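The residues making up each chain are set out below.
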Amino acid sequence: MPFDGKNGSKNYKELKSMPKIDGYSRITILVTVLSGIFLGGYIGKKVAHFLEVCDLFTPDIVDDD
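Per chain, residue numbering runs from 1 following the sequence as it is written. Totals for whole chains, interfaces and linings use every residue, but because this is a predicted model, local features are given only for residues with pLDDT of at least 70 and side-chain atom pairs only at 80 or more, for both listing and counting. Computation of side-chain values: all heavy atoms of the structure, hydrogens and water removed.

Looking at the overall build of the protein chain
A count of helices and strands for the protein chain gives 1 helix and 0 strands. The buried share of the protein chain, taken over its 65 residues, is 0%. Labels follow the DSSP assignment, with helices taken as runs of H or I lasting at least four residues and strands as runs of E lasting at least two, numbered in each case from the N terminus. When a residue's accessible area, from a 1.4 Å probe over protein chains only, is under 20% of the maximum for its type it is buried; when over 50% it is exposed; and in between it is partly exposed.

This is the structure in structure tokens:
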């Protein structure tokens, strides 16, 4: 790691300043995760419907009478 040169190995350039955290980071993560969940569910539902229409996958109906 490159050194600053003042205190030898104690001060690393990479660790001197903390990055600023914006206030919208949690909202951005929440929107990204929720949109991924809803989009994945929608695509999964459409693929399951397509497979059922084409008779490639049909759920087994078990009658336990």
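Quick notes on unusual backbone geometry
A positive phi angle is found at Asp55, which is not glycine, with a value near 60°. Of note, Asp55 is situated in the segment after helix H1 (25-53). According to the relative accessible area criterion, Asp55 is exposed, its value standing at 62%.

All we've got here are geometric facts, nothing functional implied.
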